[in-house]
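# Reading the structure
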Amino acid sequence: MFNKLRERIQNWTKKITEKAKEPEEEPKKEIKVPMKAILPGVYEPDLDKLKETVEELVKQEKQKEETPAPEKEGFFKRIASKVNKVQISEQDFEIYSEELEMLLLENNVALEVAEKMIKELKERVIGKELLKKEIEYEIKDSLRTIVEEILVPPFDISEKIREKISDQAKEPYVILFCGINGSGKTTTIAKIADSLVKKKISCVIAASDTFRAASIEQIKEHAEKIGVKVISSDYGSDPASVAFDAVKYAKKNSIDCVLVDTAGRMHTAKNLLKEIEKIVKVCKPDLKIFVGESITGNDAIEQVKSFNWAIGIDGIVLTKADIDEKGGTALSVGYVTKKPILYLGTGQAYSSIEPFNKQKFIERLGL
Ligand SMILES: Nc1nc2c(ncn2[C@@H]2O[C@H](COP(=O)(O)OP(=O)(O)OP(=O)(O)O)[C@@H](O)[C@H]2O)c(=O)[nH]1
Ligand SMILES: [Mg+2]
């Protein structure tokens with residue numbers, strides 16, 4: 001993940017500190033006494049004049065040494081060379097920020113988010129007086145803080161479910177999953193159902209994808225392996241009423257959690273976003289999860305924005321993190337939604353799902 005970030009920061013630090021090297025000591029200037037002082041006449045040196053001239057020259061040299069050298073512009077300004085302090089200048093930050101921007105883009109961070117990160121980094125480091133040995137730490141620390149602020153801490157779904165079902169109302173906890181086609185919604189539902197069942201939380205699945213061929217069979221196959229019930233209807237039937245029936249079933253049978261599978265839909269398809277709005281209205285989910293692929297990069301933020309705008313999502317699952325080692329999509333979708341990444345899907349097995357760990361993620365970025 002971002003495996004070049006650490007390397008690049010070290011590289012920039014090296015460049016900055018190299019530029020900040022003390023200038024080589026200038027050779028001591030010899031004080032040249034003009035010939036006219038030695039030879040006022042052709043034969044006899046005027047000793048008084050000679051003494052006076054030498055004293056004047058020594059005075060001038062001393063004054064020069066005491067006057068501070070003009071500040072040099074560069075990636076840094078030398079501000080107190082004796083204590084090796086540097087100040088990163090705006091002009092040269094631009095050069096290095098281009099490199100950082102490229103690195104973020106290469107690692108799937110969306111352009112909009114990469115630009116915001118660079119702007120924040122700039123505000124944090126420019127003009128700060130730093131010891132040379134502090135530069136690397138300062139850049140890393142600033143980036144780490146920026147990433148920490150972007151990522152909202154995740155919560156534990158099973159705790160949320162337990163909180164709700166411990167209530168007198170005995171209402172089931174309803175989770176709706178949405179996202180574009182093939183992002184991994186159904187597989188994620190199976191993984192989450194499996195982990196909830198193992199934690200003794202009972203589940204029922206609503207097969208509300210009544211659109212894609214074989215979707216109902218697909219979810220039924222998973223449910224059978226996990227040992228949970230599926231509420232389904234015919235292909236082409238109203239997905240909202242399937243979700244409604246599943247909630248009704250859960251209430252009647254004291255099931256703790258309803259997991260609603262929905263058909264994949266493009267974030268640009270307004271009529272399909274309207275349809276998911278209807279499902280939400282009918283089954284009133286406690287949690288709306290956007291399921292996106294880690295590998296999507298720039299496009300993920302357009303997707304998540306559309307779903308968030310249509311139904312207001314509460315959390316995110318990023319699948320296929322086993323294929324993508326970069327990590328930038330998490331930053332992008334986290335940034336634009338200000339919602340937590342709850343899980344990373346890391347493979348096809350039911351156990352291939354990891355609660356998102358913010359600190360681990362930051363460490364893996366090399367910060
Ligand atoms: N490697 C890997 N593959 C995954 C992961 N999650 C899902 N998949 C695979 O991605 C493909 C699509 O997964 P589905 O769960 O059917 O996706 P979906 O969003 O329900 O798809 P639609 O219902 O058609 O919109 C399947 O082949 C899954 O096995 C993951 O975390 N890692
Ligand atoms: Mg599906």
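Before reading on, note that the structure itself is shown above.
This section reports on the structure supplied with the text. Fair warning: this is a prediction, and the values are worked out from it, not measured in the lab.

### A word on empty space enclosed by the protein
Applying the stated criterion across every chain yields a total of five cavities of 30 Å³ or more. Taken as a whole, the largest cavity encloses approximately 80 Å³ of empty space. In terms of lining residues, the largest cavity is bounded by eleven residues, among which Trp12, Phe93, Tyr96, Leu121 and Ile139 are the most central. Where the lining of the largest cavity is concerned, the elements lending two or more residues are helix H1 (3-19), helix H4 (90-106) and helix H5 (111-125). At four residues, H4 tops the list of elements feeding residues into the lining of the largest cavity. The residue inventory of the lining of the largest cavity, partitioned by class, reads ten nonpolar, one polar and no charged.

### Quick word on the site of ligand 1
By nearness alone, 21 residues border ligand 1, and Lys185, Thr187, Arg212, Asp322 and Gln348 come closest of all. At a separation of 3.3 Å, an oxygen atom of ligand 1 approaches a polar backbone atom of glycine 347. Coverage of ligand 1 by the protein chains reaches 83% of its 650 Å² of free accessible surface. Take the shell around ligand 1: its biggest share by element is four residues, from helix H8 (residues 185-198). Considered class by class, the residues forming the shell around ligand 1 number two nonpolar, 13 polar and six charged.

Reading the values: the criteria
Residues numbered from 1 in each chain as written. Chains lettered and ligands numbered in written order. Predicted model: local features only at pLDDT ≥ 70, side-chain atom pairs only at ≥ 80, totals over all residues. Heavy atoms only, no water. 1 Å grid on protein atoms, 1.4 Å probe; cavity = no way out; pocket = protein on both sides within 12 Å on 5 of 7 lines; lining within 4 Å. Points joined across faces, edges and corners; volume = space filled by probe spheres on them. Helix = DSSP H or I, 4+ residues; strand = E, 2+ residues; numbered from the N terminus. Nonpolar A, V, L, I, M, F, W, Y, C, P; charged D, E, K, R; others polar. Near = heavy atom within 4 Å. Polar contact = N/O pair within 3.5 Å; in protein donor to acceptor, adjacent residues only side chain to side chain. Areas by Shrake-Rupley, 256 points an atom, 1.4 Å probe, with all protein chains shown as cover.

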